[in-house]
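Understanding the architecture of this molecule
What follows is the residue order along each chain.
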Amino acid sequence: MTDLHLIISPPEPGEWHGRLDVVEALEAAGWTGDTDMPLSILRHDSGATWAVWNESDDSGLDCPNGSVIEFPGTTPTVVIVAACLAAAASPEVSR
């Protein structure tokens, strides 16, 4: 497994990037953007799906085991990315 090095540049005040920081980190880890909404919905081969829900940066993670985790817009990027990576790597995932 390769190491994932994450450098997050915060947006300028007043700019909204819809959790582009999370999108870029997950793409670097092998997740792919949804065909219709590539900057809002990302999927992993394990079946995990992460999506931004609104302009308040609220988002959610659908885990392969059926669990759903909701993240308020104030959730730090590293927490969301860690949860997504853990869900995608879960040994409970049947491939």
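Residues numbered from 1 in each chain as written. Predicted model: local features only at pLDDT ≥ 70, side-chain atom pairs only at ≥ 80, totals over all residues. Heavy atoms only, no water.

1. Some words on the packing of helix 1 (residues 20-28) against helix 2 (residues 77-89)
It is at 10 Å that the axes of helix 1 and helix 2 come closest, and there the two elements cross at 35°. The hand of the helix 1/helix 2 crossing is right-handed. Residues Asp-21, Val-22, Ala-25 and Leu-26 of helix 1 form the contact with helix 2, whose participating residues are Thr-77, Ile-80, Val-81, Cys-84 and Leu-85. Of the residues contributing to the contact of helix 1 with helix 2, the split by class is 7 nonpolar, 1 polar and 1 charged. (Axes fitted to C-alpha atoms, helices over the stretch in contact; angles between N-to-C directions. Helix = DSSP H or I, 4+ residues; strand = E, 2+ residues; numbered from the N terminus. Left-handed = near helix turned anticlockwise from the far one by under 90°. Contact = heavy atoms within 4.5 Å. Nonpolar A, V, L, I, M, F, W, Y, C, P; charged D, E, K, R; others polar.)

2. Points about the side chain of Arg-19
Along the chain, Arg-19 falls in the segment before helix 1. The exposure class assigned to Arg-19 is buried, which follows from its relative accessible area of 7%. Among all residues touching Arg-19, those that are not within four sequence positions of it are Trp-50, Val-52, Asp-57, Gly-73, Thr-75, Pro-76, Thr-77 and Ile-80. (Buried < 20%, exposed > 50% of the residue type's maximum accessible area, 1.4 Å probe, protein only.)

3. Considerations on the nonpolar core
If you look at the biggest cluster of nonpolar residues, it comprises 18 residues, and the most contacted ones within it are Leu-26, Trp-31, Trp-50, Leu-61 and Cys-84. At 6 residues, helix 2 tops the list of elements feeding residues into this core. (Core = buried A, V, L, I, M, F, W, Y, C linked by side-chain atoms within 4.5 Å.)

4. Focus on the environment of Glu-70
Its location among the elements puts Glu-70 in strand 5 (residues 68-71). Spatially, the C-alpha atom of Glu-70 lies 9.6 Å from that of Ile-80, the residues being 10 residues apart in sequence. Ignoring sequence-local partners within four residues, the contact set of Glu-70 consists of Trp-53, Ser-59 and Gly-60.

5. Remarks on helix 1
All of the buried residues in helix 1 are Val-22, Val-23, Ala-25 and Leu-26. Looking at the buried side of helix 1, the elements it contacts are strand 2 (41-43), strand 3 (49-52) and helix 2.

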